[in-house]
Amino acid sequence: MVFPMGGLSSETILAQVRPSRLLSAHYYVLVFLFLAGAVASLAGFLPASLVSYSFTVTVSAALATLAVFTFLFSELRRLSHKYTIYDHRVGVAEGILRKRVQYMPYSRVERIEINQSVIGRLFGIGNLLVDTGDDQVTLRAIRSPSKVEQLVSGCIRGGGFSPPRQSSAS
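Residues numbered from 1 in each chain as written. Predicted model: local features only at pLDDT ≥ 70, side-chain atom pairs only at ≥ 80, totals over all residues. Heavy atoms only, no water.

1. Details of unusual backbone geometry
A negative phi angle is the norm for most residues apart from glycine, just as the trans form is the norm for most peptide bonds. Heads up, the condition is: Helix and strand definitions follow DSSP, with helices as H or I runs of at least four residues and strands as E runs of at least two, each counted in order from the N terminus. Burial classification: accessible surface area is computed with a 1.4 Å probe over protein chains only, and a residue below 20% of its type maximum counts as buried, one above 50% as exposed, and the rest as partly exposed.
One non-glycine residue, alanine 141, lies in the positive phi region at around 50°. Mapped onto the elements of the fold, alanine 141 is located in strand S8 (residues 136-143). For alanine 141, a relative accessible area of 5% corresponds to the buried category. Look at serine 144: it is not a glycine, yet its phi comes out positive at around 50°. Looking at the element boundaries, serine 144 is found in the loop between S8 and helix H4 (145-158).

Here you go:
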């Protein structure tokens with residue numbers, strides 16, 4: 001895809017990434033616990049002498065509803081972040097109702113840093129920090145952060161990305 005950048009030249013999207021679902025792992029644990037509670041309630045793990053059947057069904061329905069809303073919240077939170085690597089800049093778009101878009105040109109970048117926890121290294125996800133000294137953007141919970149860092153570093157060193165030229169056969 002080629003997009004105009006300031007009307008002077010064209011810009012190519014090299015990669016678009018979103019945060020991994022592992023960013024929301026704690027929400028998925030809650031979803032599992034809510035669903036387990038709903039099933040346990042329906043299966044009769046609540047003492048029958050203390051609660052009525054209608055209360056059991058109400059508790060199960062409430063827990064299942066909480067599970068659905070928790071799942072939807074975690075997915076909307078993840079999908080509301082998009083990171084775009086262009087040939088001359090990095091873009092971060094966040095939000096659903098209130099959008100926030102931030103661009104950082106490679107000409108201003110002073111430092112790139114990869115942060116990965118032990119669990120992040122096991123699953124191949126991490127954070128990539130792009131810093132200008134005055135400002136910074138963080139690409140959170142992305143897959144293969146070292147590959148994205150290599151792509152950004154290559155663009156910085158080369159002063160932008162130029163796709164390889166294809167040679168024509170004579």
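2. Examining the sheet that holds S8
Convention followed: Only strands joined by at least two bridges in the DSSP assignment are considered to pair. Angles shown run from 0 to 180 degrees and are taken between the N-to-C directions of axes, each axis being a line fitted to C-alpha atoms and, for helices, limited to the stretch in contact. Only heavy atoms matter for contacts: two residues are in contact if any of them lie within 4.5 Å across the pair.
Across the sheet, three strands lie side by side as S6-S7-S8; this open sheet has antiparallel pairing. The outermost strands of the open sheet, each flanked by one partner alone, are strand S6 (111-115) and S8. Neighbour-to-neighbour, the strand axes of the sheet open up by a mean angle of 15°, direction not taken into account. Two elements, strand S7 (residues 125-131) and S8, share six bridges in a ladder whose sense is antiparallel. By the bridge assignment, valine 130 is partnered in S8 with valine 137. Across the sheet, H4 touches S6, S7 and S8, and the angle it forms with S6 is around 175°.

3. Things to note about the layout of surface pockets
Convention followed: The way it works is a 1 Å grid over only the protein atoms, where trapped points that fit a 1.4 Å probe form a cavity and open points with protein on both sides within 12 Å along at least five of seven lines form a pocket, and then any residue with an atom within 4 Å of a point lines it. Grid points are joined across faces, edges and corners, and a volume is the space filled by probe spheres set on the points.
Counted as a void, the largest pocket has a volume near 190 Å³. Taken together, 13 residues form the lining of the largest pocket, with Leu22, Leu23, Ser117, Ile125 and Ala141 sitting closest to its centre.

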